[in-house]
Amino acid sequence: MIRIGFGTDLHRLVPGSGIALGGIIIPCEYAAEADSDGDVLLHALTDALLGSLALGDIGQHFPKHAVAPGAASHQFVAYAMDLLHKQNASVVNIDGTIDLESPKIGPYRDAMRTAIAEITQIPVDRISIKAKTCERLGPIGEHLALSAQVAVLVETNDSLSA
Ligand code: MG
């Protein structure tokens, strides 16, 4: 059986020296305000993975008070992947989009894909990361926030019963 998962996330931007994004640090004059490291792409990916098997959302599995300040977000993705594996499910592909006015994501795209491949153990050619600006409009366009959306396709071993 094939199932789809979809996740989104948004964090506020504050003055800082870098953003955790897609499992790497992108140096810039901002930081993402968060209890964890604020990696919107990995948070959206975690929700997409959980959503594919109707396993709730990241907030249910990792309540605010249970997250160590600055915690690296790859643990959330690894946790969700583990839940999928326990149900004999595997990820076919990942397609994500980051909304961020600046800096440009292009130079970091392949490093993020490689980082996500390492976390998920999925071949890098099945991991897509796209990026958009918001044309200087709204909270993202005004450098007040960044967000991400991720879709995943998951294959499970269960078959449809008649
Ligand atoms: Mg988040």
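Please refer to the structure higher up on the page.
About the thresholds
- Residues numbered from 1 in each chain as written.
- Predicted model: local features only at pLDDT ≥ 70, side-chain atom pairs only at ≥ 80, totals over all residues.
- Heavy atoms only, no water.
- Donors = N, O, S within 2.8 Å, 3.2 Å for Na, K, Ca; no water.
- Helix = DSSP H or I, 4+ residues; strand = E, 2+ residues; numbered from the N terminus.
- Buried < 20%, exposed > 50% of the residue type's maximum accessible area, 1.4 Å probe, protein only.
- Phe/Tyr/Trp six-rings, centres within 6.5 Å; stacked < 30°, edge-to-face > 60°.
- Core = buried A, V, L, I, M, F, W, Y, C linked by side-chain atoms within 4.5 Å.
- Pairing = 2+ DSSP bridges.
- Axes fitted to C-alpha atoms, helices over the stretch in contact; angles between N-to-C directions.
- Contact = heavy atoms within 4.5 Å.
- Polar contact = N/O pair within 3.5 Å; in protein donor to acceptor, adjacent residues only side chain to side chain.
- Salt bridge = Lys/Arg side-chain N within 4 Å of Asp/Glu carboxyl O.
- Expected span 1.5 Å × (residues − 1).

Caption draft 1: Structural view of the coordination of the magnesium ion. In the first shell of the magnesium ion, the protein supplies Asp9 (OD), His11 (NE2) and His43 (ND1), at 2.1 to 2.2 Å from the metal. Between consecutive donors of the magnesium ion, the numbers of intervening residues give the motif D-x1-H-x31-H. Taken together, the positions of His11 in strand E1 (residues 2-15) and His43 in helix H1 (residues 40-52) put the pair 32 residues apart, joining distant regions of the chain. Per residue, the accessibility class of His11 equals that of His43, and both read buried.

Caption draft 2: View of the packing of aromatic side chains. All told, the structure shown has 2 aromatic pairs when counted by the stated rule. Between the aromatic rings of Phe62 and Tyr79, the centroid separation amounts to 4.8 Å while the plane-to-plane angle is 70°, which identifies the pairing as edge-to-face. Separated by 17 residues along the polypeptide, Phe62 in the loop between helix H2 (58-61) and helix H3 (74-86) and Tyr79 in helix H3 bring together distant segments of the chain.

Caption draft 3: Region of the structure containing the nonpolar core. Leu21, Leu41, Leu45, Leu49 and Ile94 are the most contacted members of the largest nonpolar core, which has 40 residues in total. The dominant element in this core, judged by the number of residues it contributes, is H1, at 8 residues. In this structure, Ile58, Phe62, Val67 and Ala71 belong to the second largest nonpolar core, which totals 5 residues.

Caption draft 4: The sheet that holds E1, seen in detail. Here 5 strands make up an open sheet; going across it, the order is E4-E1-E7-E5-E6 and the pairing mixed. At either margin of the open sheet sits one strand with a lone partner, and together these are strand E4 (30-32) and strand E6 (127-132). Strand-to-strand twist across the sheet, computed as the mean angle between neighbouring axes with direction ignored, equals 25°. Pairing of strand E5 (residues 90-99) with E6 involves 6 bridges; the strand directions are parallel. Note that in E6 the partner of Ile94 across the bridge is Ile127. The strands that H1 touches are E1, E5, E6 and strand E7 (145-155); relative to E1, the one it contacts most, it runs at about 155°. Across the sheet, helix H4 (residues 109-120) touches E5 and E6, and the angle it forms with E6 is around 140°.

Caption draft 5: Inspection of the environment of Asp9 at higher detail. Considering the arrangement of structural elements, one finds Asp9 in strand E1. On a C-alpha basis, the gap between Asp9 and Val124 in space is 22 Å, while along the polypeptide they are 115 residues apart. In this view, Asp9 contacts Val40, His43, Ala44, Leu146, Ser147 and Ala148; residues no more than four positions away in its chain are not counted. A distance of 3.1 Å separates polar atoms of two side chains, one belonging to Asp9 and the other to His11.

Caption draft 6: Geometry of the pattern of salt bridges. For the structure shown, the criterion picks out 5 salt bridges. Close ionic contact of Asp110 with Arg113 constitutes a salt bridge, the shortest N to O distance being 3.0 Å. Note that Asp110 and Arg113 are positioned in helix H4 at a spacing of 3 residues, about one turn of the helix.

Caption draft 7: Seen up close, H1. With 13 residues, H1 extends 18 Å between its outermost C-alpha atoms, agreeing within 8% with the 18 Å of an ideal straight helix rising 1.5 Å per residue. The element H1 is largely enclosed, with a buried count of 12 among its 13 residues. Where H1 is concerned, the buried positions are Val40, Leu41, Leu42, His43, Ala44, Leu45, Thr46, Asp47, Ala48, Leu49, Leu50 and Ser52. Just beyond H1, the residue with positive phi is Ala54, at close to 55°.

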